[in-house]
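Each chain is listed here by its residues.
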Amino acid sequence: MADYQTHEHDVIVIGAGGAGLRAAIEASASGVSVGLVCKSLLGKAHTVMAEGGIAAALANVDDRDNWKVHFADTMRGGQYVNNWRMAQLHAQEAPARVRELEAWGAVFDRTPDGKILQRNFGGHKYPRLAHVGDRTGLELIRTLQDHGIHQGISVYMERTVVRLLKDGDRISGALAYDRERGRWTVFKAKAIILATGGIGKAYKITSNSWEYTGDGHTLAYDVGAELIDMEFVQFHPTGMVWPPSVRGILVTEGVRGEGGVLRNKEGKRFMFGDIPENYKPQTAADEEEGFRYVLGDKEARRPPELLTRDHVARCIVREVKEGRGSPHGGVFLELQTFAEWFGKKSKGFNAAEHWKKKLPSMYHQFKELGGLDLTKESMEVGPTTHYMMGGVRVDSDSQMSRIPGLFACGECAAGINGANRLGGNSLSDLLVLGKRAGEYAAQYAKANPATTIHTEQVDSAAKWALAPFDRTSDENPFKIQADLQDMMQDLVGIVRKEDEMQRALEGLEKLKARAAKVQVTGNREYNPGWHTALDLHNLLTVSEGITIGAILRKESRGAQFRDDYPKKDNAKFGKVNSIIAKGPDGKMQIRLEEIPAMPQELKDAVMAEAGGVLPDELK
Amino acid sequence: MATVTFRVSRGDATKTEFKDYTAETGEGMVVLDALHQIQATQAPDLACRWNCKAGKCGSCSAEINGVPKLMCMTRLDDLPTDAPIIVEPMQAFPKVKDLVTDVSWNYEVKKKIKKFKPRKPDNADGTWKMMQEDADRPQEFRKCIECFLCQDVCHVLRDHHKHDEFIGPRFFVYTAALEMNPLDTEDRISDLKNRDGIGYCNITKCCTKVCPEHITITDNAIIPLKERVVDEFYDPVLKLIQLVFRPRKKESEA
C-alpha cells in the first residue's frame, strides 16, 4: 500500500502553460473547485518561449481581416485535414480571448491610434498577430498567472503526474510525485484537463525544454483515450545552430515577419525559387513587393520567407543537403537587406534601434549566447523540433476525450492544426480551446457525482515508478533518452523513408527493453535521474505513435514529408486522420478515419481565399 | 576542448558540502550545459531547476563564483577557468537540495499585492485606447522573467532576512507595472509604505546590476514608487489639501 496524501477538487488541470492556466481560470470562474498541477514552478512553462504573437482577426491593422479569412488560412496551412469545427471556433473566438487578456492586465504593443498592434506571420494573409515585442508568450502566461492567483485556484507546483486513475469508465484522479521530496499525492477529481504541452524531447534538436516528454499524450493513451494525427510533428524552420550548446533554440518567425531574409552560402535568396502552387497568388513577385508587405502596404503580397513552416523548413534542409548551407549546417537569416532598402526610403532610420525595439529578446539571445549582433550580422539558422500537431482526440466543442471526464487542450490535444500549424495559432488555440475545456469540464463536474479512488491502481502505479531504485543494471536514464533522441532525429525526422522508419520501430523495441531495466541512484528527493527514467515511458509511447503514423501515411502533406512518397495523395489521404489507440493486447493500434464533410458556409470561406476553387480534399 | 572543474554545492537544508566535478567544454558552452553533462555522466541526482535554456523563463537562477546569475546565460568563456568554477544555490531562500531553493515565499508575496483593476473600457466593444508611449513604461517592467535574482542579491532579504516586512525588488517592479499601467485605477501606495517596506530600500542598485532582463529596477521602478509614497504621505501642502478635499489619486486623474 503506497503512502500518499490526497487532494480533492472538482476539476484538476494538469499543466500550467497558457492552456492549463486559461482552463483553470474558466473552470474556477464557473464556481467549481480547481486544482492546478504543474511540473515546474508556476509561470515557467514553455508558453514563455512563444515569441511572435497571438493570431486573432481583430482587424486593427488591416480592416479586411475577419474570422473567415483566419479560418481559411488555418485550413490551408493544415492542408485541410484539420478538424474544421475547431478551426472555426478558434477563428471566431480568438479576438474576444485577446481582448480579455487586455482586461486582465496584458500590455500589448500599440498601433498609432492606440489599438492592439498586429504583425505579419507565415501563412496569415493579413497582419494578425497581437504581440509584445518578441516576448508575447511571457506576457500571456504572466497575465493569466497574475489573474489566476486571485481566483482561488489551488496550485500544486513541481508535481509530476505518472498515471491517471479511473473509476469504471470514468476518470477519477491522478497520481503524482512531488519533485522536492518524491512523495506521492493522489489528486481526486470528477474531471481532469490535460494541458501538458508537447513532445519535443523525443528529438535531439528541439526548441523544447526537459518538460516536453509527451506526458498528456501518454497519460491519456494509457487509460484508453485515442491519439490523432501523431505523424505531424512541426519542425520550425529557424532554430539557432551555433554554438552547439544552443542548437535548436528558437529564432522567432517574427524576424522574418519584420523583414528578415533567408540566404544560402552563395548569397542567394533561395525561397523565391520554390513557391508552392497554392500559395503563388499570395506571394510577392519580387523583393521590393515583399518588403512593401512588411511595411503594411495593402497592395503588396507577402515575401516567400513567410510561407508555411513545413515548407520553409524543407527548403532549408534541401539547401544544406545540396551543399549550399552555412558553415555550421544551417542557412543565413539576415535583416540588413531590409534595413538598407528601408533606410533609402526613410531618412533617419536607425537600424540598430529599430531591431532592438522590434526584436529585443532575439537581440539579447544572439548577443549573449551566439556572440553576434543581429542588427549588423547574419544569423545562422536551421530547423528545430518545435510543435506537435498530433495529440489527444477530443470533441471539438467541449474538448472531452472518449474517456468520460477526461479533457485535453493546448498542444497535447489535437485537431485544430491538421498537418501543419501556422505561427501564432498556438497562443490563440491555448486561449480559445483552453477556455472551452475549462468551461465544459466544470459543467461535467457539476453534472456528475463524486468518483472513487481505487487503491490498487495507485499501488501498482507507485510500485512501477519506484522500481528503478531497486534494480541493478548499467542502464542510465540519460543515456537511453539521448539514444532515443538520436534515433528519432535520424530516422523519423523532417525527411522520412519507409525502411528507416521500420528500423526506428525495431529500435524502439530495443529501447523499451532497456527502459524496463533502467536503474537510478540516489534517493527520491529532487532526483533528475529518477525523473528522466519515468519520462522515458512517455517519450517511447509518443515516439512509437509518431513512427507508426508516419509509416501509415504514405504521402507528403504539411509537416510529414516522405522521401519515398514526395507528393500529396488526396485520393487516399486527403480526407482522413490517423487514429491511435491501445489494443486489447496492450499493443498500439492505428487506423484511418474519414473526416466529416465540411458545411457549405465553411467551404465558401475556404473557396473565397482559394481563387474560387474548392481544394480537392474538400470535394 | 578543455577540461574545467566545477565546484558544486551539494546537499540539503541540514548538510551542505562542495563537490568537485570536471566537464569537457566546447565553444559557446554555458554553465547549465556543464551541469547537464555532470548529471548525465557523474551525478544523476544533482538537483537544479531549468526550463527554456534561453534566458526567458528564469528557472536556473544560481550563484556562480558568488554572483547571482542565470546558469543558461553564463558562458564559460566569460569565466576564469584556471580555478574551479563555484556554483551555489541562491542564498536568500531556504535550500531544498543542491542548487534548488524554496522560492515559494515569492508566490505568497505576489498574492497580497492588489490585482489589476482597469478603468471602464473606452469603446463599446470592451477595448481601450492606449498609446505606445504610455505602454512603454509598464512594458519595461513586464519583461521580468521572475528569476528572483534581484531578491537574492538584495541585502534587505539576503543579509537582514526582512522577508516578513519587505517584498523585495521583484515585487516593486511588479507593483510599478500595475501602478504605471495607464488603465489601472487601483491604489497601492499605502501598501507600499505600510506593508511592503519600500522604505527599507536604500537604492544601492544591486538588483539592477544582476537583472538578466536589464530592467532598470531602481531608477525606473523603485524610485518613482518612493516618490509616490512621499507625495501621498509626506508632502505638507498636499496633506493640507487632502484634509480639506480628500481626493484619491486615480479618481482625480480619470
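Residues numbered from 1 in each chain as written. Chains lettered and ligands numbered in written order. Predicted model: local features only at pLDDT ≥ 70, side-chain atom pairs only at ≥ 80, totals over all residues. Heavy atoms only, no water.

A. Main features of the overall build of chain B. Scanning chain B from N- to C-terminus turns up 11 helices and seven strands. In terms of its C-alpha atoms, chain B occupies a principal-axis envelope of roughly 70 × 40 × 25 Å. Burial statistics for chain B: of 254 residues in total, 56% are counted as buried. Nonlocal contacts in chain B, meaning residues at least 24 apart in sequence, comprise 62% of its contacts between residues at least 6 apart. Looking at chain B as shown, the accessible area adds up to about 11,200 Å², and 53% of this sits on carbon and sulfur atoms. One finds the centroid of the 38 positive side-chain charges in chain B at a distance of 4 Å from the centroid of its 40 negative side-chain charges. (Helix = DSSP H or I, 4+ residues; strand = E, 2+ residues; numbered from the N terminus. Buried < 20%, exposed > 50% of the residue type's maximum accessible area, 1.4 Å probe, protein only. Contact = heavy atoms within 4.5 Å. Areas by Shrake-Rupley, 256 points an atom, 1.4 Å probe, with all protein chains shown as cover. Lys, Arg positive; Asp, Glu negative; His and termini not counted. Charge placed at Lys NZ, Arg CZ, Asp CG, Glu CD.)

B. A look at the overall build of chain A. The number of helices and strands found in chain A is 18 helices and 18 strands. Here chain A has a C-alpha radius of gyration of 23 Å; the compact-globule value for 619 residues is 25 Å, and the two agree. Based on the C-alpha atoms only, the size of chain A along its principal axes is roughly 75 × 50 × 50 Å. With 619 residues in all, chain A has 67% of them scored as buried. Put simply, of all contacts in chain A between residues at least 6 apart along the chain, 74% involve residues at least 24 apart. Summing over all exposed atoms, chain A offers an accessible surface of approximately 19,600 Å²; the carbon and sulfur share of this is 50%. (Rg over C-alpha atoms; globule rule 2.2 N^0.38 Å.)

C. How the structure looks around the sheet that holds strand E11 (residues 233-240) of chain A. Residues and elements named next belong to chain A. Taken together, four strands build an open sheet; the order of strands is E11-E14-E13-E12 and the sheet is antiparallel. Two strands close off the open sheet at either side, each with one partner strand: E11 and strand E12 (261-263). The sheet shows a mean angle of 45 degrees between the axes of neighbouring strands, taken without regard to direction. (Pairing = 2+ DSSP bridges. Axes fitted to C-alpha atoms, helices over the stretch in contact; angles between N-to-C directions.)

D. Examining the domain arrangement of chain B more closely. Residue and element names in this part refer to chain B. If you check the domain split of chain B, you get domain 1 (2-101) and domain 2 (104-253). Domain 1 and domain 2 are separated by 32 Å when their C-alpha centres are compared. With 14 residues of domain 1 at the contact, the number on the domain 2 side is 15 residues. Here domain 1 meets domain 2 over a buried area of about 1,100 Å², counting both sides, of which 62% is carbon and sulfur. By the criterion of area lost to domain 2, the three top residues of domain 1 are Pro 68, Ala 92 and Phe 93, representing 46% of everything that side buries. Linking domain 1 with domain 2 are one salt bridge. Of the charged contacts in the structure, one is a salt bridge between Glu 63 and Arg 158, with a shortest N-O distance of 2.7 Å. The interface formed by domain 1 and domain 2 holds five residue pairs in polar contact (both at pLDDT 80 or more) in total. (Domains from an automatic or database assignment. Buried area = accessible area lost by both parts, 1.4 Å probe. Salt bridge = Lys/Arg side-chain N within 4 Å of Asp/Glu carboxyl O. Polar contact = N/O pair within 3.5 Å; in protein donor to acceptor, adjacent residues only side chain to side chain.)

E. Just the domain arrangement of chain A, in detail. Residue and element names in this part refer to chain A. Annotation of chain A at the domain level lists domain 1 (236-384) and domain 2 (457-583). For domain 1 versus domain 2, the distance between C-alpha centres works out to 33 Å. Interface area, domain 1 with domain 2, both sides summed: about 450 Å², of which 69% is carbon and sulfur. When the buried area of domain 1 at its contact with domain 2 is split by residue, Asp 310, Arg 314 and Val 317 rank highest and sum to 72% of it. There are zero salt bridges connecting domain 1 and domain 2.

F. Inspection of helix H4 (residues 136-148) of chain A at higher detail. Helix length check: H4 of chain A, at 13 residues, gives a terminal C-alpha distance of 18 Å against a target of 18 Å (1.5 Å per residue), a fit within 8%. Here H4 of chain A lies mainly inside the structure; 13 of its 13 residues are buried. (Expected span 1.5 Å × (residues − 1).)

G. Spotlight on the interface of chain A and chain B. Between chain A and chain B, the residue contacts involve 63 residues of the former and 60 residues of the latter. For the pair chain A and chain B, the summed buried area comes to about 5,100 Å², and 54% of that belongs to carbon and sulfur atoms. It is Lys 44, Val 107 and Tyr 526 of chain A in chain A that bury the most area against chain B; as a group they hold 13% of the surface buried on that side. For the interface between chain A and chain B, the tally reads six salt bridges. Across the pair Arg 142 of chain A and Glu 146 of chain B runs a salt bridge whose closest N-O atoms are separated by 3.6 Å. At the boundary of chain A and chain B, one finds 35 residue pairs in polar contact (both at pLDDT 80 or more). At the level of elements, helix H3 (84-103), H4, helix H11 (360-370) and helix H16 (528-552) of chain A are the ones that each hand at least two residues to the side of chain A that touches chain B. For the side of chain A that touches chain B, the residue count by class is 24 nonpolar, 21 polar and 18 charged. (Nonpolar A, V, L, I, M, F, W, Y, C, P; charged D, E, K, R; others polar.)

H. Structural context of the pairing of strand E13 (residues 331-334) of chain A. All names here are of chain A. Summarising the sheet, E12 and E13 pair through three bridges and their orientation is antiparallel. What sits directly across from Val 261, in E13, is Glu 334. By the bridge criterion, three bridges tie E13 to strand E14 (residues 379-388) in an arrangement that is antiparallel. Across the sheet, residue Val 331 finds its bridge partner in E14, namely Val 381.

I. Structural view of the environment of Glu 139 of chain A. With respect to the helices, strands and loops of the structure, Glu 139 of chain A is situated in helix H4. For the pair Glu 139 of chain A and Leu 466 of chain A, spaced 327 residues apart in the sequence, the C-alpha separation amounts to 38 Å.

J. Local environment of the nonpolar core. If you look at the biggest cluster of nonpolar residues, it comprises 242 residues, and the most contacted ones within it are Leu 164 of chain A together with Phe 6 and Met 71 of chain B. By residue number, the principal contributor to this core is H16 of chain A, which donates 11 residues. Membership of the second largest hydrophobic core comes to 19 residues, among which are Val 81, Met 389, Ala 419 and Val 606 of chain A. (Core = buried A, V, L, I, M, F, W, Y, C linked by side-chain atoms within 4.5 Å.)

K. Inspection of the packing of aromatic side chains at higher detail. Residue and element names in this part refer to chain A. Per the counting criterion, the structure on display carries 19 aromatic pairs over all chains. Their ring planes at 65 degrees and their centres at 4.8 Å tell us that Tyr 156 and Phe 187 sit as a pair that is edge-to-face. A residue pair is termed long-range when its members are at least 10 positions apart, and Tyr 156 in strand E6 (residues 154-156) and Phe 187 in strand E9 (residues 184-194) qualify at 31 residues. You'll find Tyr 156 and Phe 187 in the same group, each marked buried. Measuring from centroid to centroid gives 5.2 Å for Phe 291 and Phe 338, while their planes differ by 80 degrees, and the two rings are edge-to-face. Pair noted here: Phe 291 is in helix H7 (residues 287-294) and Phe 338 is in helix H9 (residues 336-345), with a separation of 47 residues, a long-range link. (Phe/Tyr/Trp six-rings, centres within 6.5 Å; stacked < 30°, edge-to-face > 60°.)

L. Structural detail: the side chain of Arg 179 of chain A. Residues and elements named next belong to chain A. Mapped onto the secondary structure, Arg 179 falls in the loop between strand E8 (170-178) and E9. For the buried Arg 179, which has no salt bridge, the nearest side chain bearing the opposite charge is Glu 158, at an N-O separation of 4.4 Å. The residues touching Arg 179, leaving out its near neighbours within four places in the chain, are Lys 39, Glu 158, Thr 160, Trp 210, Arg 524, Glu 525, Tyr 526 and His 531.

M. Main features of the packing of helix H1 (residues 18-29) of chain A against helix H12 (residues 425-447) of chain A. Residues and elements named next belong to chain A. Where H1 contacts H12, the two axes come as close as 7 Å, and the packing angle between them is 40 degrees. Classed by the angle they form, the pair H1 and H12 counts as oblique. Seen along the crossing, H1 lies across H12 with a hand that is right-handed. Where H1 abuts H12, its residues Gly 18, Ala 19, Arg 22, Ala 23, Glu 26 and Ala 27 lie against Leu 430, Leu 431, Gly 434, Lys 435, Gly 438, Glu 439 and Ala 442. Partitioned by chemical class, the residues of the contact of H1 with H12 number six nonpolar, three polar and four charged. (Parallel < 35°, antiparallel > 145°, perpendicular 65-115°, else oblique. Left-handed = near helix turned anticlockwise from the far one by under 90°.)

N. Region of interest: the state of the cysteines. Under the defined criterion, the tally for this structure stands at zero disulfides over all chains. Looking at Cys 147 of chain B, it has no disulfide partner, and the nearest cysteine sulfur is the one in Cys 150 of chain B, 6.2 Å off. (Disulfide = S-S within 2.5 Å.)

O. Seen up close, the sheet that holds strand E5 (residues 129-130) of chain A. All names here are of chain A. Strands sit in the order E3-E5-E4 across an open sheet of three strands; the sheet is antiparallel. Either end of the sheet is taken by a strand with one partner, and the two such strands are strand E3 (54-55) and strand E4 (118-119). Taken together, the two bridges between E4 and E5 define a ladder with antiparallel strand orientation. Of the residues in E5, the one forming a bridge with Gln 118 is Ala 130.

P. Representation of unusual backbone geometry in the model. The step from Trp 242 of chain A to Pro 243 of chain A runs through a cis peptide bond, and the omega angle for that step is -5 degrees. Inspection of the secondary structure assignment puts Pro 243 of chain A in the loop between E11 and helix H6 (254-257). Phi is positive for Glu 146 of chain B, close to 55 degrees, though the residue is something other than glycine. Backbone geometry at Lys 205 of chain B places phi at a positive 65 degrees, although glycine is not the residue there. By the element assignment, Lys 205 of chain B lies in the loop between helix H7 (189-194) and helix H8 (206-210).

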